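# Structural characterization, general
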Amino acid sequence: MRIVIVADIHSNIEAFEAVLEHAASHGPIDRLWCLGDVVGYAADPSACIALLRQHPHTAVAGNHDLAAVGKLPTDDFNAAAAWAAAWTARRLSAKEREYLSSLPFVAVEGDFTLVHGSLRSPEWEYLLSADAAAEHLRLQETPYGLVGHSHIPFVAFEREGSLAAMAALKDGDVLKLGGERLVVNPGGVGQPRDGDPRASYAVYDDEAHTLTLHRVEYDLEKTQRKILEAGLPRHLAERLAHGR
Ligand code: ZN
(Lines give C-alpha, C1' and ligand atoms only; values in the text may rest on other atoms or scores of the structure.)
Protein backbone atom coordinates (compact mmCIF):
# COMPACT_ATOMS: atom_id res chain seq x y z
CA MET A 1 0.00 0.00 0.00
CA ARG A 2 1.12 3.50 -0.82
CA ILE A 3 -0.53 6.04 1.43
CA VAL A 4 -0.39 9.76 0.75
CA ILE A 5 -0.31 11.84 3.94
CA VAL A 6 -1.63 15.40 3.77
CA ALA A 7 -2.22 18.07 6.40
CA ASP A 8 -3.45 21.65 6.48
CA ILE A 9 -4.85 21.85 2.95
CA HIS A 10 -6.64 25.04 4.02
CA SER A 11 -8.96 25.44 1.02
CA ASN A 12 -5.98 25.71 -1.35
CA ILE A 13 -7.15 23.57 -4.28
CA GLU A 14 -4.18 24.41 -6.53
CA ALA A 15 -1.74 23.09 -3.91
CA PHE A 16 -3.86 20.01 -3.15
CA GLU A 17 -4.22 19.11 -6.85
CA ALA A 18 -0.47 19.57 -7.41
CA VAL A 19 0.30 17.26 -4.48
CA LEU A 20 -2.02 14.52 -5.73
CA GLU A 21 -0.69 14.82 -9.30
CA HIS A 22 2.87 14.60 -8.02
CA ALA A 23 2.03 11.60 -5.84
CA ALA A 24 0.19 9.82 -8.68
CA SER A 25 3.10 10.37 -11.06
CA HIS A 26 5.33 8.27 -8.76
CA GLY A 27 2.97 5.33 -8.13
CA PRO A 28 -0.56 4.37 -7.13
CA ILE A 29 -2.40 6.29 -4.41
CA ASP A 30 -4.06 3.55 -2.39
CA ARG A 31 -5.36 5.80 0.36
CA LEU A 32 -5.14 9.33 1.75
CA TRP A 33 -4.58 10.14 5.40
CA CYS A 34 -5.57 13.73 6.18
CA LEU A 35 -4.41 15.31 9.43
CA GLY A 36 -6.99 18.08 9.59
CA ASP A 37 -7.66 21.66 8.45
CA VAL A 38 -9.08 20.83 5.03
CA VAL A 39 -10.63 24.31 5.08
CA GLY A 40 -9.83 27.81 6.34
CA TYR A 41 -7.61 30.62 4.89
CA ALA A 42 -7.95 30.19 1.08
CA ALA A 43 -10.93 30.42 -1.27
CA ASP A 44 -11.86 26.83 -2.25
CA PRO A 45 -13.24 24.95 0.76
CA SER A 46 -15.86 22.95 -1.18
CA ALA A 47 -13.45 21.87 -3.93
CA CYS A 48 -10.91 20.67 -1.34
CA ILE A 49 -13.51 18.66 0.59
CA ALA A 50 -14.75 17.13 -2.69
CA LEU A 51 -11.25 16.18 -3.86
CA LEU A 52 -10.42 14.58 -0.51
CA ARG A 53 -13.67 12.62 -0.57
CA GLN A 54 -12.98 11.31 -4.09
CA HIS A 55 -10.29 9.11 -2.53
CA PRO A 56 -10.52 6.33 0.00
CA HIS A 57 -9.30 8.19 3.07
CA THR A 58 -9.06 8.59 6.80
CA ALA A 59 -9.25 12.12 8.19
CA VAL A 60 -9.20 13.79 11.59
CA ALA A 61 -10.62 17.18 12.56
CA GLY A 62 -8.50 20.33 12.64
CA ASN A 63 -9.32 23.51 14.53
CA HIS A 64 -10.30 25.28 11.28
CA ASP A 65 -12.63 22.43 10.29
CA LEU A 66 -14.32 22.66 13.69
CA ALA A 67 -14.53 26.47 13.58
CA ALA A 68 -16.13 26.39 10.12
CA VAL A 69 -18.98 24.23 11.43
CA GLY A 70 -19.43 26.13 14.69
CA LYS A 71 -17.96 23.39 16.90
CA LEU A 72 -15.08 25.57 18.09
CA PRO A 73 -15.29 29.28 18.98
CA THR A 74 -12.86 31.54 17.09
CA ASP A 75 -12.06 33.77 20.10
CA ASP A 76 -8.51 32.38 20.17
CA PHE A 77 -7.99 32.67 16.39
CA ASN A 78 -6.06 35.64 15.02
CA ALA A 79 -8.16 38.20 13.13
CA ALA A 80 -7.44 36.87 9.63
CA ALA A 81 -8.10 33.27 10.67
CA ALA A 82 -11.39 34.21 12.37
CA TRP A 83 -12.45 36.16 9.28
CA ALA A 84 -11.61 33.21 7.04
CA ALA A 85 -13.51 30.81 9.33
CA ALA A 86 -16.66 32.96 9.14
CA TRP A 87 -16.25 33.32 5.36
CA THR A 88 -15.85 29.54 5.00
CA ALA A 89 -18.86 28.79 7.23
CA ARG A 90 -21.10 30.83 4.91
CA ARG A 91 -20.02 28.81 1.87
CA LEU A 92 -20.36 25.24 3.11
CA SER A 93 -23.33 23.15 2.05
CA ALA A 94 -25.28 21.11 4.61
CA LYS A 95 -23.53 17.96 3.35
CA GLU A 96 -20.08 19.53 3.66
CA ARG A 97 -20.86 20.71 7.19
CA GLU A 98 -22.07 17.24 8.06
CA TYR A 99 -18.85 15.74 6.72
CA LEU A 100 -16.57 18.10 8.66
CA SER A 101 -18.68 17.64 11.81
CA SER A 102 -18.25 13.88 11.55
CA LEU A 103 -14.44 13.92 11.70
CA PRO A 104 -12.92 12.39 14.85
CA PHE A 105 -10.15 14.05 16.88
CA VAL A 106 -7.93 10.97 16.77
CA ALA A 107 -7.77 8.03 14.36
CA VAL A 108 -5.64 4.89 14.53
CA GLU A 109 -4.55 3.20 11.28
CA GLY A 110 -2.39 0.13 11.90
CA ASP A 111 0.87 1.30 13.48
CA PHE A 112 -0.06 4.98 13.17
CA THR A 113 -2.01 7.44 15.30
CA LEU A 114 -3.39 10.44 13.40
CA VAL A 115 -4.21 13.71 15.21
CA HIS A 116 -4.22 17.37 14.14
CA GLY A 117 -2.32 19.07 16.98
CA SER A 118 -1.14 16.59 19.60
CA LEU A 119 -2.56 13.87 21.80
CA ARG A 120 -2.37 16.27 24.77
CA SER A 121 -4.61 18.78 22.98
CA PRO A 122 -5.86 17.45 19.62
CA GLU A 123 -7.17 20.71 18.17
CA TRP A 124 -4.84 23.27 19.76
CA GLU A 125 -1.31 22.22 20.66
CA TYR A 126 1.53 23.03 18.26
CA LEU A 127 4.21 20.35 18.51
CA LEU A 128 7.21 22.62 18.05
CA SER A 129 9.59 21.58 20.80
CA ALA A 130 11.27 18.35 21.84
CA ASP A 131 9.53 18.64 25.22
CA ALA A 132 6.08 18.87 23.63
CA ALA A 133 6.94 15.98 21.30
CA ALA A 134 8.06 13.86 24.26
CA GLU A 135 4.74 14.51 26.03
CA HIS A 136 2.86 13.56 22.89
CA LEU A 137 4.92 10.36 22.46
CA ARG A 138 4.21 9.39 26.07
CA LEU A 139 0.47 9.37 25.23
CA GLN A 140 0.89 7.70 21.82
CA GLU A 141 -0.07 4.01 21.98
CA THR A 142 1.10 3.09 18.46
CA PRO A 143 4.78 3.09 17.39
CA TYR A 144 4.27 5.93 14.93
CA GLY A 145 2.29 9.17 15.03
CA LEU A 146 1.30 11.81 12.50
CA VAL A 147 0.38 15.42 13.31
CA GLY A 148 -0.28 18.66 11.43
CA HIS A 149 -1.28 22.11 12.73
CA SER A 150 2.14 23.84 12.80
CA HIS A 151 2.59 23.47 9.01
CA ILE A 152 6.27 22.68 9.65
CA PRO A 153 7.69 19.32 8.53
CA PHE A 154 9.62 17.49 11.23
CA VAL A 155 10.29 14.15 12.85
CA ALA A 156 10.68 13.59 16.59
CA PHE A 157 12.10 10.34 17.94
CA GLU A 158 11.47 9.08 21.44
CA ARG A 159 14.57 8.96 23.61
CA GLU A 160 15.21 7.68 27.13
CA GLY A 161 12.83 8.93 29.79
CA SER A 162 10.89 12.05 28.91
CA LEU A 163 13.14 13.22 26.07
CA ALA A 164 12.67 13.40 22.32
CA ALA A 165 15.07 14.27 19.49
CA MET A 166 13.61 16.54 16.85
CA ALA A 167 14.78 17.23 13.28
CA ALA A 168 13.42 19.21 10.33
CA LEU A 169 12.36 17.24 7.22
CA LYS A 170 13.32 18.42 3.74
CA ASP A 171 12.26 17.50 0.22
CA GLY A 172 13.33 13.92 -0.53
CA ASP A 173 14.11 12.93 3.06
CA VAL A 174 13.33 9.24 3.64
CA LEU A 175 12.62 7.85 7.10
CA LYS A 176 13.19 4.15 7.47
CA LEU A 177 10.66 2.99 10.04
CA GLY A 178 12.10 0.53 12.50
CA GLY A 179 12.49 0.17 16.20
CA GLU A 180 12.18 3.78 17.29
CA ARG A 181 8.89 5.34 18.30
CA LEU A 182 8.36 8.61 16.49
CA VAL A 183 5.96 11.35 15.47
CA VAL A 184 6.07 13.10 12.08
CA ASN A 185 4.56 16.28 10.71
CA PRO A 186 4.39 16.12 6.87
CA GLY A 187 4.22 19.94 6.65
CA GLY A 188 1.35 21.96 5.21
CA VAL A 189 -0.18 21.39 1.79
CA GLY A 190 -1.98 24.70 1.47
CA GLN A 191 -0.01 27.13 3.62
CA PRO A 192 3.59 26.03 4.34
CA ARG A 193 5.27 27.91 7.20
CA ASP A 194 8.89 26.74 7.14
CA GLY A 195 10.05 29.39 4.67
CA ASP A 196 9.64 27.11 1.63
CA PRO A 197 6.48 28.10 -0.29
CA ARG A 198 6.17 24.71 -2.01
CA ALA A 199 3.33 22.42 -0.89
CA SER A 200 4.51 19.74 1.54
CA TYR A 201 3.31 16.15 1.96
CA ALA A 202 4.55 12.64 2.73
CA VAL A 203 4.15 9.13 1.37
CA TYR A 204 4.05 6.01 3.54
CA ASP A 205 5.04 2.80 1.79
CA ASP A 206 3.97 -0.08 4.02
CA GLU A 207 6.09 -2.65 2.15
CA ALA A 208 9.35 -0.68 2.11
CA HIS A 209 8.46 0.63 5.60
CA THR A 210 9.43 4.14 4.65
CA LEU A 211 8.02 7.63 5.02
CA THR A 212 9.21 10.06 2.35
CA LEU A 213 8.75 13.83 2.41
CA HIS A 214 8.02 15.71 -0.81
CA ARG A 215 7.77 19.38 -1.75
CA VAL A 216 5.81 20.42 -4.84
CA GLU A 217 5.52 23.71 -6.70
CA TYR A 218 2.03 24.87 -7.56
CA ASP A 219 0.36 27.88 -9.17
CA LEU A 220 0.34 30.01 -6.04
CA GLU A 221 -0.35 33.24 -7.97
CA LYS A 222 -3.70 31.70 -8.95
CA THR A 223 -4.47 30.84 -5.31
CA GLN A 224 -3.49 34.38 -4.29
CA ARG A 225 -5.77 35.91 -6.95
CA LYS A 226 -8.71 33.83 -5.76
CA ILE A 227 -8.12 34.84 -2.12
CA LEU A 228 -8.13 38.51 -3.08
CA GLU A 229 -11.16 38.17 -5.38
CA ALA A 230 -13.07 36.45 -2.58
CA GLY A 231 -12.44 39.45 -0.32
CA LEU A 232 -10.40 37.42 2.15
CA PRO A 233 -7.62 39.26 4.05
CA ARG A 234 -4.71 40.27 1.75
CA HIS A 235 -2.20 38.91 4.27
CA LEU A 236 -3.51 35.37 3.60
CA ALA A 237 -2.53 35.75 -0.06
CA GLU A 238 0.82 37.42 0.59
CA ARG A 239 2.11 34.89 3.11
CA LEU A 240 1.86 32.04 0.55
CA ALA A 241 4.72 33.55 -1.45
CA HIS A 242 7.01 33.51 1.60
CA GLY A 243 6.00 30.13 3.02
CA ARG A 244 5.28 31.81 6.37
ZN1 ZN B 1 -3.66 24.58 9.88
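Residues numbered from 1 in each chain as written. Predicted model: local features only at pLDDT ≥ 70, side-chain atom pairs only at ≥ 80, totals over all residues. Heavy atoms only, no water.

### Quick notes on the pairing of strand S4 (residues 106–109)
We apply this condition: Strand pairing follows a simple DSSP-based rule, namely that at least 2 bridges must link the two strands. The numbering of helices and of strands both runs from the N terminus, where a helix is a DSSP run of H or I of at least 4 residues and a strand a run of E of at least 2.
Note that S4 and strand S5 (residues 112–115) share four bridges and pair antiparallel. Within the sheet, the bridge partner assigned to Glu109 lies in S5 and is Phe112. Between S4 and S5, which follow one another and run antiparallel, lie two residues, and Gly110 among them has a positive phi close to 60°.

### A short note on the coordination of the zinc ion
Rule in force here: Metal donors: N, O and S atoms at distances within 2.8 Å, or within 3.2 Å for Na, K and Ca, with water omitted from the atom set so that some sites may seem incomplete. Burial classification: accessible surface area is computed with a 1.4 Å probe over protein chains only, and a residue below 20% of its type maximum counts as buried, one above 50% as exposed, and the rest as partly exposed.
For the zinc ion, the full set of protein donor atoms is Asp8 (OD), His10 (NE2), Asp37 (OD) and His151 (NE2), at a range of 2.1 to 2.4 Å. Each donor residue of the zinc ion belongs to the same chain, with the gaps between them written as D-x1-H-x26-D-x113-H. Considered together, Asp8 and His10 belong to a single accessibility category, that of buried residues.

### Description of helix H7 (residues 220–229)
Selection criterion: The directions considered for the arc run from the helix axis to the C-beta atoms. Throughout, a contact is declared for two residues whenever any of their heavy atoms are within 4.5 Å.
Within the sequence span of H7, burial applies to Leu220, Thr223, Gln224 and Ile227. All buried residues of H7 fall inside an arc of 100° around its axis, so they share one side. Looking at the packing, one finds that the buried side of H7 touches helix H1 (13–24) and helix H8 (234–242). Directly beyond the C-terminal end of H7, a positive phi value near 80° is found at Gly231.

### Topic: the environment of Phe77
Its location among the elements puts Phe77 in the loop between helix H3 (63–68) and helix H4 (79–91). In this structure, the C-alpha to C-alpha distance between Phe77 and His64, residues 13 residues apart in sequence, is 9.3 Å. For Phe77, the contacting residues outside a window of four places in its chain are Asn63, His64, Ala67, Leu72, Ala82 and Trp124.

### Considering the sheet that holds strand S11 (residues 199–205)
To keep it simple, the criterion reads: Between N-to-C directions, angles cover 0 to 180 degrees, with each direction set by a line fitted to C-alpha atoms, over the stretch in contact for helices.
What the six strands build is an open sheet, ordered S3-S2-S1-S11-S12-S9; its pairing is mixed. Looking at strand neighbours, the two that pair on one side only are strand S3 (57–59) and strand S9 (174–176), the edges of this open sheet. Shown here is a sheet whose adjacent strand axes are inclined to one another by a mean of 20°, direction ignored. In this sheet, strand S2 (residues 31–34) lies alongside strand S1 (residues 2–6) in parallel orientation, the contact comprising four bridges. Across the sheet, Val4 pairs through a bridge with Leu32, a residue of S2.

### Here we look at the side chain of Ser200
Rule in force here: What qualifies as a polar contact is a pair of N or O atoms within 3.5 Å, subject to a donor-acceptor requirement within protein and to the restriction that residues adjacent in sequence count only when both atoms come from side chains.
Mapped onto the secondary structure, Ser200 falls in strand S11. Since its relative accessible area comes to 0%, Ser200 is described here as buried. Within the structure, Ser200 has its side chain in polar contact with the backbone oxygen of Pro186 (distance 2.7 Å). Apart from the residues within four sequence positions on either side, Ser200 is in contact with Pro153, Pro186, Gly187, Gly188, Val189, Leu213, His214 and Arg215.

### Structural notes on the packing of H7 against H8
Worth spelling out the cut-off: An angle below 35 degrees is treated as roughly parallel, one above 145 as roughly antiparallel, one from 65 to 115 as roughly perpendicular, and anything else as oblique. Amino acids outside the nonpolar list (Ala, Val, Leu, Ile, Met, Phe, Trp, Tyr, Cys, Pro) and the charged list (Asp, Glu, Lys, Arg) are all regarded as polar, and Gly is one of them.
Interaxial distance between H7 and H8 falls to 8 Å at its minimum, and their mutual angle equals 170°. Judged on the interaxial angle alone, H8 and H7 are roughly antiparallel. For the pair formed by H7 and H8, the contact residues are Leu220, Thr223, Gln224, Ile227 and Leu228 on the first element and Arg234, Leu236, Ala237, Glu238, Leu240 and Ala241 on the second. Of the residues belonging to the contact of H7 with H8, the class tally is seven nonpolar, two polar and two charged.

### Points about the packing of H1 against helix H2 (residues 45–53)
Each pair of packed helices can be summarised by the angle the axes make with each other and by the distance between the axes. Worth spelling out the cut-off: Should the near helix be turned counterclockwise from the far one by less than a right angle, the crossing is left-handed, whereas a clockwise turn marks it as right-handed.
Axis separation between H1 and H2 bottoms out at 9 Å; the angle between their running directions is 20°. Relative to H2, H1 is oriented roughly parallel. By crossing handedness, the relation of H1 to H2 is classed as left-handed. Across the interface between the two elements, Ile13, Phe16, Glu17 and Leu20 from H1 touch Ala47, Cys48, Leu51 and Leu52 from H2. Split by residue class, the contact of H1 with H2 holds seven nonpolar, no polar and one charged.

### Examining unusual backbone geometry
Notably, Asp8 is not glycine yet its phi reads approximately 55°, a positive angle. Here Asp8 is to be found in the loop between S1 and H1. In this structure, His10 is a non-glycine residue whose phi angle is positive, near 50°. Looking at the element boundaries, His10 is found in the loop between S1 and H1.

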